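# A look at the structure
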Amino acid sequence: VQLQASGGGLVQAGESLRLSCEVSGRFVSIKAMGWYRQAPGKQRELVAQIINNYNPNYADSVKGRFTISRDNAQNIVSLQMNSLEPEDTAVYYCNVDVVYSGFRRNEFWGQGTQVTVSS
């Protein structure tokens, strides 16, 4: 299973970015798709996640500004980030929980994409 993330970059506060992560490989389905981030000197934290097709959950710090979506046909998870703040600066990682035949599961991480928000 491979994850290819894209969409990071440098923006000013108040601007928007959209991250996408395409999942490829052999599996039956993807149970959870999400985005985490890690700022310098801080632990990696969950930003947003969708489990199956249930309502997504978000970190309190991004509620109302970020929107996660998933395309099950294309195996893509996206994160629309609006009203970006300098505190959103971090490396963003996509994360998936993949299901194989026999209900075996495994977790995979993307390579990380840098998001930098200047004030």
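None of these values were measured; they are calculated from a predicted model. (Residues numbered from 1 in each chain as written. Predicted model: local features only at pLDDT ≥ 70, side-chain atom pairs only at ≥ 80, totals over all residues. Heavy atoms only, no water.)

With that settled, the discussion passes to the overall build of the protein chain. Counting its secondary structure elements, the protein chain contains 0 helices and 11 strands. Along the protein chain, helices and strands appear, N-terminal first, in the series β-β-β-β-β-β-β-β-β-β-β. Radius of gyration (C-alpha) of the protein chain: 14 Å, near the 14 Å computed for a compact globule of 119 residues. Considering only C-alpha atoms, the protein chain reaches an extent of 50 × 25 × 25 Å along its principal axes. Evaluated residue by residue, the protein chain yields a buried proportion of 40% over its 119 residues. Looking at the protein chain as shown, the accessible area adds up to about 6600 Å², and 45% of this sits on carbon and sulfur atoms. (Helix = DSSP H or I, 4+ residues; strand = E, 2+ residues; numbered from the N terminus. Rg over C-alpha atoms; globule rule 2.2 N^0.38 Å. Buried < 20%, exposed > 50% of the residue type's maximum accessible area, 1.4 Å probe, protein only. Areas by Shrake-Rupley, 256 points an atom, 1.4 Å probe, with all protein chains shown as cover.)

Within the largest apolar cluster, 32 residues are counted, with the highest numbers of intra-cluster contacts made by Trp 35, Val 47, Phe 66, Leu 79, Met 81, Tyr 92 and Val 96. Broken down by element, this core gets its largest block of residues, 5 residues, from strand S9 (residues 90-99). Discounting chain neighbours no more than four positions away, the residues touching Leu 79 are Leu 17, Arg 18, Leu 19, Trp 35, Val 47, Ala 48, Phe 66, Thr 67, Ile 68 and Tyr 92. (Core = buried A, V, L, I, M, F, W, Y, C linked by side-chain atoms within 4.5 Å. Contact = heavy atoms within 4.5 Å.)

The next thing to look at is the state of the cysteines. Under the criterion given, the structure shown has 1 disulfide. Sulfur-sulfur distance for the disulfide between Cys 21 and Cys 94 comes to 2.1 Å. Here the S-S torsion is close to 45°, and the disulfide linking Cys 21 with Cys 94 is therefore right-handed. Residue Cys 21 is located in strand S3 (residues 17-24), and its partner Cys 94 is located in strand S9; the two are separated by 73 residues in the primary sequence. Like Cys 94, Cys 21 is buried. (Disulfide = S-S within 2.5 Å.)

Along strand S1 (residues 2-6), the buried face is formed by Leu 3 and Ala 5; none of Gln 2, Gln 4 and Ser 6, which line the opposite face, is buried. With 5 bridges connecting them, S1 and S3 associate as antiparallel partners. Within the sheet, the bridge partner assigned to Ala 5 lies in S3 and is Cys 21. (Pairing = 2+ DSSP bridges.)

Taken in spatial order, the 4 strands line up as S1-S3-S8-S7 in an open sheet, and their pairing is antiparallel. Unpaired on one side and paired on the other, S1 and strand S7 (66-71) mark the two borders of the sheet. Strand-to-strand twist across the sheet, computed as the mean angle between neighbouring axes with direction ignored, equals 15°. The pairing of S7 with strand S8 (residues 76-81) spans 6 bridges and is classified as antiparallel. Note on S8: the bridge partner recorded for Ile 68 is Leu 79. (Axes fitted to C-alpha atoms, helices over the stretch in contact; angles between N-to-C directions.)

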